[in-house]
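What follows is each chain in one-letter form.
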Amino acid sequence: SEQVISDAEIRKILVDRVDRYRQTVRIVVGVIEPRGRRVVAYGHLNQGDNRVLDGDTVFEIGSISKVFTSLLLADMVKRGEVALEDPVAKYLPSGVKVPQSKSRQITLLDLATHMSGLPHEAWNFKPDWQNWENGYSEESLYEFLASYQLTEDIGSENEYSNVGMSLLGIALRRRIDRDSARRSPADRF
C-alpha cells in the first residue's frame, strides 16, 4: 500500500511553518498508517540549538494535557467512579475552600468545560521556567482558591482556565488515590 502523504510533502509543510510563516522553530510529526510508523521532523530544538530532532525528542506538552485530563474524567464517569455533576470539593481535603456563586458549587463538568468562573491563572502562580518540578504546588492552588472571589456566576461564561483544569486534575488524582488506598496490595496486580 502507498503512503497517504509522502515524507517530502510533510517536510514541505513543516518548512513553510518554520521558515516561511515563522510559527515555531521546530516540528516533529508522527505518522501511523497500515504499513507502519514514520517520523518527519524539521527545525531546531531552540533558537541557536542545532541538535537534530527525531521521534525521541522530548517536548513539553503544555495545554495538550487538558485533553488527557478531560479523557480521564470521561473514563472515570463511564466507570461510575465520579459524576460530571459532582462538586469538585467532594474530592478535595476537607479544609479547602472552593469559591461558589450564590448556591451553586463548581462541578467537575464546569472545570472540564472552562465554565467554572475561575480565572486563566492564579495570582500566586510564578512558574520556574527552568525547573518545572519546583513550580506551583497543590497547597499554592488551595491558597489561591481560599482568596478568590468569583466575578461571574458558575456556568454563565466560558473562560479558558489553567486554574480550573489544574483543580480538575488534582481532584481526579485524589479520587484515584482514595480507591488505591482501599485496595489490598494483592488487588493491585
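Residues numbered from 1 in each chain as written. Predicted model: local features only at pLDDT ≥ 70, side-chain atom pairs only at ≥ 80, totals over all residues. Heavy atoms only, no water.

## Things to note about the overall build of the protein chain
Helix and strand counts for the protein chain stand at five helices and four strands. Along the protein chain, helices (α) and strands (β) appear in the sequence α-β-β-α-β-β-α-α-α when read from the amino end. A compact globule built from 189 residues would reach a C-alpha radius of gyration of about 16 Å, whereas the protein chain, at 21 Å, exceeds it by more than 25%. Scored against the burial criterion, the 189 residues of the protein chain give a buried share of 33%. For the protein chain, the proportion of contacts with a sequence separation of at least 24, taken over those separated by at least 6, is 59%. As displayed, the protein chain offers around 12400 Å² of accessible surface, 52% of which is attributable to carbon and sulfur atoms. Side chains of the protein chain give 25 positive and 28 negative charges; the mean places of these two sets differ by 2 Å. (Helix = DSSP H or I, 4+ residues; strand = E, 2+ residues; numbered from the N terminus. Rg over C-alpha atoms; globule rule 2.2 N^0.38 Å. Buried < 20%, exposed > 50% of the residue type's maximum accessible area, 1.4 Å probe, protein only. Contact = heavy atoms within 4.5 Å. Areas by Shrake-Rupley, 256 points an atom, 1.4 Å probe, with all protein chains shown as cover. Lys, Arg positive; Asp, Glu negative; His and termini not counted. Charge placed at Lys NZ, Arg CZ, Asp CG, Glu CD.)

## Some remarks on the pattern of salt bridges
Under the counting rule described, the total for this entry stands at eleven salt bridges. One salt bridge connects R51 with D49, and the closest N-O pair in it is separated by 2.6 Å. One salt bridge connects R173 with D177, and the closest N-O pair in it is separated by 3.6 Å. Linking R173 with D177, this pair stays in helix 5 (residues 162-182), spanning four residues, or about one helical turn. Relative accessible area serves as the criterion here: at 36%, R173 is assigned to the partly exposed category. On the basis of relative accessibility, which here comes to 40%, the residue D177 falls in the partly exposed class. (Salt bridge = Lys/Arg side-chain N within 4 Å of Asp/Glu carboxyl O.)

## Considerations on a nonpolar patch on the surface
Side chains of I61, I64, V67, F68 and L71 sit close together on the surface and give an oily, nonpolar patch of about 490 Å² of accessible area. Mapped onto the fold, F68 is located in helix 2 (residues 64-78). (Patch = residues over 30% accessible without salt bridge, like charges linked within 9 Å, V, L, I, M, F, W, Y side chains within 5 Å.)

## Details of helix 5
With 21 residues, helix 5 extends 31 Å between its outermost C-alpha atoms, agreeing within 8% with the 30 Å of an ideal straight helix rising 1.5 Å per residue. For helix 5, the complete set of buried residues consists of N162, V163, G164, M165, L167, L168, I170, A171, L172, R175 and D179. Against helix 2, helix 3 (108-112) and helix 4 (138-147) lie the buried residues of helix 5. (Expected span 1.5 Å × (residues − 1).)

## Here's the deal with helix 4
Helical periodicity: at 3.6 residues per turn, an α-helix aligns residues three or four positions apart in one direction. Listed in full, the buried residues belonging to helix 4 are E138, S140, L141, Y142, F144 and L145. Residues of helix 4 that are buried sit in contact with helix 5.

## Structural notes on the pairing of strand 2 (residues 36-43)
Looking at chain direction, strand 1 (residues 26-33) and strand 2 are connected through eight bridges and run antiparallel. Across the sheet, the residue bridging to I27 is Y42, located in strand 2. Between the antiparallel neighbours strand 1 and strand 2 lie two residues. (Pairing = 2+ DSSP bridges.)

Everything listed is a geometric property; what it means functionally is a separate question.
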